[in-house]
Amino acid sequence: MTRTPQSRPSAAPPSRRLTTAQALITFLARQYTERDGRRQRLINATWGIFGHGNVAGVGQALVEAGPAMPYLQGRNEQSMVHAAVGYARQSGRLSAHAVTTSIGPGATNLVTGAALATVNHLPVLLLPGDTFATRPADPVLQQLEVPHSGDVSVNECLRPVSRYFDRITRPEALIPAALQAMRTLTDPAATGAVTLALPQDVQAEAYDWPEEFFAERTWHVRRPAPDPYELEQAVRAVRTARRPLIVAGGGVHHSAAEETLAAFAAATRIPVASTQAGKGSLRHDHPADVGGIGHTGTATADHLAREADLVIGVGTRYTDFTTASGTLFAHPRVRFLNLNITGFDAHKLAAQPLVGDARTCLEALGAALEGARPWRVDASYETEYTDAKELWERRVDAAYATPDPDARPTQVQVLGLLDALVDEDDILINAAGSLPGDLHRLWRTRAPGQYHVEYGYSCMGYEIPAALGVQLAAPGRPVWALVGDGTYLMNPTEIVTAVQESLPVKLVVLQNHGYASIGGLSASVGAEGFGTAYRYRAEDGGYTGLPLPVDLAANAASLGMRVLRARTVDDLRAALAEARTADRPTCVYVETETPDTVSGPPPAQAWWDVPVARTATRPQAVEARKEYDRQAATRRHHL
């Protein structure tokens, strides 16, 4: 009898015994991105505030990791996300930060930052603690009880604002969830906030992890090429257009397509207008650049938009500010051609889509138009927008002018003084209030990464923490956070972090005693500026008394910043110059002249739909409704 040899059992694959939190941090430290041959860390640091939901899990894991995973100490959970978003944007979405919090308030404080990240297609990894998966004590401190569902926690708030969400209820569930999280963070079409909710008991539970889980992984960030049929249709649309206009959105920056767009515009002579996210796609002095478009755009760009027969959107979402709430693109036969990496945005406004990476699509379209019959716009059209641009630049010069050096500066004059000071290295950060409108209309962008205005979510309080993230991503470059007093009071806490980390951010605080932007909007829609001024309550019950004696400069100083107070134009010029060369966090504080006493910037060149009361007795609202009805009548659907 012949004996059949028995196969010997193979050796068990190597493994490592770690807690779930230790495994996650070890995994994150080994993830990389690559695009165009450039490789870098995907998760470069972790922000954290610790409580009972993450201190013994992720907190202990960060101690174990040491320098393999740098830790950044935040003061407010929302601010930590803003800082991470600023870092990701400045890093071209190729590198990101993680943010860890406790359960309860710490987790819910992430929601605003997560929404901002997802709206702007910017990657950030959120690691909120969660209630016990095993429920040894129910409820635990800070737990939200839902009588009809035992598996709900406050982290459900993060589901609608996350591109990917998972709750890790068993250690081994981390493996597929972590891979899906990295896939989403590095997907140029689907990136945004990614949430892995971590029950605090699971964070501390040990498991034998396959060693392969911790191998280095490089996630290639793809550049999808356009479909040949869509490209053919796009070429036909451009060749038959007489008055085309390019609308450059944030996708130009995300794709690093600025040089390609400049070459395309130089070859075709098609004028280029920019959204808030797309501003800086061309230098301000590029012959084809006609400035911002939409409600906060230039007269040049908005005139061209009204008469364009083909609008070529490149990486734009066409928000209501860009389209002037559906009233801007007025040509009776206007058509749209949208180059976008997402089919969702490429099909907006019933457009001819060209789905793909912005740079790849522009290269393909440019090559096809050059072809056997090189195409460019008519010389008369080029002369028209070039002359109009020159006239607008004179208006900018007039707005920036400071004839009286001893006068208190206006907000626009502050921008003019900064414009005269900065060069290609400087980065300006803003998000809300009246500053985004002034910047979009007037700022002369010198480099692709200089203009950092977050207007997708327009979140007050973004600027200061975002400046930290930008400074971490761009060490050695001057980083300016421009804020009004209303925005400053929303979220000044990360000044402490800037001081702690010796990040030499430059904070410019404009004191105008209230919500100036909304105050102006309130007056225009018949609400009479109600509740928008920072003043004492008067005898009539309203906030119409004297300005509040709030000293924001003293507040910034108390948090550790060096503060330079400026009272006049000359003071401000000197303070800005001193701040630019400072090697520590520095605040320039200035009280600006109010718009009702000094002529301000050029007014809005296009409409924005903010509904006005249909019935009212006060004359301001009655008149505002008449104007609203007049403007709304011009709105159209593009079909």
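Note: the structure precedes this text.
From a predicted model like this one, the values you see are computed outputs, not experimental measurements. (Residues numbered from 1 in each chain as written. Predicted model: local features only at pLDDT ≥ 70, side-chain atom pairs only at ≥ 80, totals over all residues. Heavy atoms only, no water.)

Visitor: Can you help me understand the pairing of strand β8 (residues 164-167) in this one?
Guide: The two faces of a sheet get side chains in turn, since along a regular strand they alternate between them. Sheet topology places β8 next to strand β9 (residues 193-199); four bridges connect them, and they run parallel. Note on β9: the bridge partner recorded for phenylalanine 165 is threonine 195. Of the crossover connections in this fold, the one passing from β8 over helix α6 (residues 174-185) to the parallel β9 is right-handed. (Pairing = 2+ DSSP bridges. Helix = DSSP H or I, 4+ residues; strand = E, 2+ residues; numbered from the N terminus. Right-handed = clockwise from strand over helix to strand, strands pointing away.)

Visitor: For this particular structure, what's the right way to read the environment of leucine 503?
Guide: Counting through the fold element by element, leucine 503 comes out in the loop between α20 (495-500) and β21 (506-511). Sequence separation of leucine 503 and arginine 222 is 281 residues, and the distance between their C-alpha atoms is 33 Å.

Visitor: Quick question: what am I supposed to make of the pairing of strand β18 (residues 427-430) here?
Guide: Of the two faces of β18, the one lined by Ile427 and Ile429 and the one lined by Leu428 and Asn430 are each fully buried. Strand direction decides the pairing type here: β18 and strand β20 (residues 479-484), joined by three bridges, are parallel. Residue isoleucine 427 lies in a different strand from β20, and its bridge partner there is valine 479. Bridge analysis of β18 against strand β19 (residues 451-453) gives three bridges, and the strand direction is parallel. Counterpart to leucine 428 in the pairing with β19 is tyrosine 451. Read as a crossover between parallel neighbours, the route from β18 over helix α17 (residues 435-442) to β19 is right-handed. (Buried < 20%, exposed > 50% of the residue type's maximum accessible area, 1.4 Å probe, protein only.)

Visitor: Whenever I open this one, helix α14 (residues 358-370) confuses me. Can you help?
Guide: Each α-helix winds once per 3.6 residues, and so residues spaced three or four apart point in a common direction. The end-to-end C-alpha separation of α14 is 18 Å, in line with the 18 Å expected for 13 residues at 1.5 Å each. All buried positions along α14 are accounted for by Ala358, Thr360, Cys361, Leu362, Leu365 and Leu369. Along its buried surface, α14 packs onto α8 (228-239), α9 (250-254), α10 (258-268), β15 (310-314), β16 (335-340) and β17 (352-355). The N-terminus of α14 is capped by aspartate 357, whose side-chain oxygen sits 3.2 Å from the backbone nitrogen of arginine 359. At the exit of α14 stands glycine 371, carrying a positive phi of roughly 25 degrees. (Expected span 1.5 Å × (residues − 1). Contact = heavy atoms within 4.5 Å. Polar contact = N/O pair within 3.5 Å; in protein donor to acceptor, adjacent residues only side chain to side chain.)

Visitor: What is the right way to read the sheet that holds strand β22 (residues 562-566) from this model?
Guide: Two pairing modes exist for strands in a sheet, parallel and antiparallel, and in both the strands are linked by backbone hydrogen bonds. Spatially, β19-β18-β20-β21-β23-β22 is the arrangement adopted by the six strands of the open sheet, whose pairing is parallel. Edge positions in the sheet fall to β19 and β22, since each has one partner strand and no second. Here the average twist between neighbouring strands, direction ignored, is 20 degrees. As judged from the five bridges shared by β20 and β21, these two strands associate in the parallel manner. In the strand pairing of β21, glycine 484 is matched with leucine 510. Along the sheet, α17 makes contact with β18, β19, β20 and β21, crossing β19 at roughly 150 degrees. Those strands touched by helix α18 (residues 463-473) are β18, β19, β20 and β21, and its axis lies near 175 degrees from that of β20. (Axes fitted to C-alpha atoms, helices over the stretch in contact; angles between N-to-C directions.)

Visitor: I'm lost on the side chain of threonine 191 in this one. Help?
Guide: Of note, threonine 191 is situated in the loop between α6 and β9. Since its relative accessible area comes to 2%, threonine 191 is described here as buried. Aside from chain neighbours lying at most four places away, what touches threonine 191 is Arg93, His121, Leu122, Pro123, Arg163, Thr184 and Leu185.

Visitor: For this particular structure, what's the right way to read the pattern of salt bridges?
Guide: Pairing between side chains of opposite charge can happen when their charged atoms approach one another. Considering all chains together, one arrives at 40 salt bridges under this definition. Where aspartate 357 meets arginine 223, a salt bridge forms, and the shortest distance between an N and an O atom there is 2.9 Å. On the criterion of sequence distance, the pair formed by aspartate 357 in the loop between β17 and α14 and arginine 223 in the loop between β11 (217-220) and α8 is long-range, its members being 134 residues apart. Each member of the pair, aspartate 357 together with arginine 223, is buried. Here glutamate 393 makes a salt bridge to arginine 444, at a shortest N to O gap of 2.8 Å. Remark: arginine 444 occurs in the loop between α17 and β19 and glutamate 393 occurs in helix α15 (residues 379-400); sequence separation between them is 51 residues. With relative accessibility at 23%, the residue glutamate 393 sits in the partly exposed group. For arginine 444, a relative accessible area of 12% puts it in the buried group. (Salt bridge = Lys/Arg side-chain N within 4 Å of Asp/Glu carboxyl O.)

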